[in-house]
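Reading the structure
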Amino acid sequence: MFETDAPRTDPAPDPDIDTCLAEMHPADMPETDIVEEGGEGDLVVDAVSKRFRTGRTDVHALDNVSLHVRPGEFVCLVGPSGCGKSTLLDIIAGLTRPDQGEVRADELVVAGPHRHRLVMFQEAALFPWLNTLGNVMFGLKLVRGLTRQQRVEIARSHLRLVGLEKFARANLHELSGGMRQRVALARALAPDPRVLLMDEPFSALDAMTREQLYLDLQRIREQRRKTIVLVTHNVREAVCLADRVILMSSPPGRIRDEFTISLPQPRDINTAEVASYASRITTALRNYADSDLAP
Ligand SMILES: Nc1ncnc2c1ncn2[C@@H]1O[C@H](COP(=O)(O)OP(=O)(O)O)[C@@H](O)[C@H]1O
Ligand SMILES: [Mg+2]
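Residues numbered from 1 in each chain as written. Chains lettered and ligands numbered in written order. Predicted model: local features only at pLDDT ≥ 70, side-chain atom pairs only at ≥ 80, totals over all residues.

Some remarks on the sheet that holds strand 7 (residues 195-199)
Taking strand neighbours across the sheet as the criterion, the 6 strands line up as 6-7-8-3-9-10 in an open arrangement whose pairing is mixed. The open sheet has two edge strands with one neighbour each: strand 6 (117-120) and strand 10 (254-260). Pairs of neighbouring strands in the sheet enclose a mean axial angle of 20 degrees, with direction left out of account. (Pairing = 2+ DSSP bridges. Helix = DSSP H or I, 4+ residues; strand = E, 2+ residues; numbered from the N terminus. Axes fitted to C-alpha atoms, helices over the stretch in contact; angles between N-to-C directions.)

What follows is the structure in structure tokens.
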């Protein structure tokens, strides 16, 4: 296919990318040393509790939360703002330590970030001094033993996967918000992690862009089976994407219930079936809020 960017025979047209990548300090990288072999992306959250004590405030962010996410399963965490969704995702990622309990990823206790559990945030945390290809290649620094040529090829194939192959050489400021989230998705998928963690990845996007990304994410998931945990306050989004929706409430942050979504995939968010599940889940969330407020 015709490409507007550099020809394939010259995959190293931008020495700036190499310089920037080389200058990244290894301490910025997630841990890569823990067992690389085996494992399929099984996640166990075992009786996790977390408090944030700052000055006069003491927030009980998570109280005795347990959850098992099976390999290849797509789970969405939903609940009102402040119920501990991001805290739970950060603990699974190894970015935050629980006060009590533990998370086990493929039977190993999570002690820090790892290349097999990569996170995607609401605002694509991309490097503005790298172009699109450079950002995806950066993620591949997490994988040992790849030649530069291999990194270029893997990065290109993931840009293709998210529909951005023509924008490999584009600067980030030339991309829309939706395109930047696609770059972030390509960067997270390129190192082939077992687990993909997503914190409100679509909430800053307009509705049409979001709906396109729901379809794309479902297509990509079909092609690259991963364990996915996605945090959202958008119940319809959760129903559209997830095998299972976990309902949370606060304070303190707790898991209250779960709904298995038995609808064929891929799903269109605008169907009556999705709306029906979403309505039941929203009612349940409202009931928790009301009963928590009751004297
Ligand atoms: N680093 C922190 N320091 C103090 N309080 C925090 C910190 N992170 C989260 N919290 C508090 O913990 C609660 C849960 O936050 P969070 O996990 O971000 O909720 P959610 O993602 O569901 O909106 C909130 O009350 C929030 O203010
Ligand atoms: Mg949050």
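Section: the pairing of strand 3 (residues 74-78)
Across the 5 residues that make up strand 3, a large majority, 5, are buried. Burial along strand 3 is two-sided: Phe74, Cys76 and Val78 facing one way and Val75 and Leu77 facing the other are all buried. Strand direction decides the pairing type here: strand 3 and strand 8 (residues 227-232), joined by 5 bridges, are parallel. Note that in strand 8 the partner of valine 75 across the bridge is valine 229. Of the pairings in the sheet, the one linking strand 3 to strand 9 (residues 244-249) comprises 4 bridges and is parallel in character. Bridge pairing links valine 78 to leucine 247 in strand 9. (Buried ≥ 20, exposed ≤ 12 C-beta atoms within 10 Å, placed from the backbone.)

Here's the deal with the site of ligand 1
In the neighbourhood of ligand 1, 13 residues make up the surrounding shell, with Phe52, Ala61, Lys85, Ser86 and Thr87 lying closest. Of all the secondary structure elements, the ones that give two or more residues to the shell around ligand 1 are strand 1 (43-54), strand 2 (57-69) and helix 2 (85-93). The dominant element in the shell around ligand 1, judged by the number of residues it contributes, is helix 2, at 3 residues. Each residue belonging to the shell around ligand 1 can be placed in one class, and the counts come to 4 nonpolar, 8 polar and 1 charged. (Near = placed C-beta within 6 Å. Nonpolar A, V, L, I, M, F, W, Y, C, P; charged D, E, K, R; others polar.)

With respect to the pairing of strand 7
Counting buried positions along strand 7 yields 5 of 5 residues, so the element is predominantly enclosed. The pairing of strand 6 with strand 7 spans 4 bridges and is parallel. Bridge pairing links valine 119 to leucine 197 in strand 7. Pairing geometry for strand 7 and strand 8, over 5 bridges, is parallel. Bridge pairing in strand 8 links valine 195 to threonine 227. Handedness of the crossover is the feature at issue here: the chain leaves strand 7, passes through helix 6 (residues 207-223), returns alongside strand 8, and the resulting connection is right-handed. (Right-handed = clockwise from strand over helix to strand, strands pointing away.)

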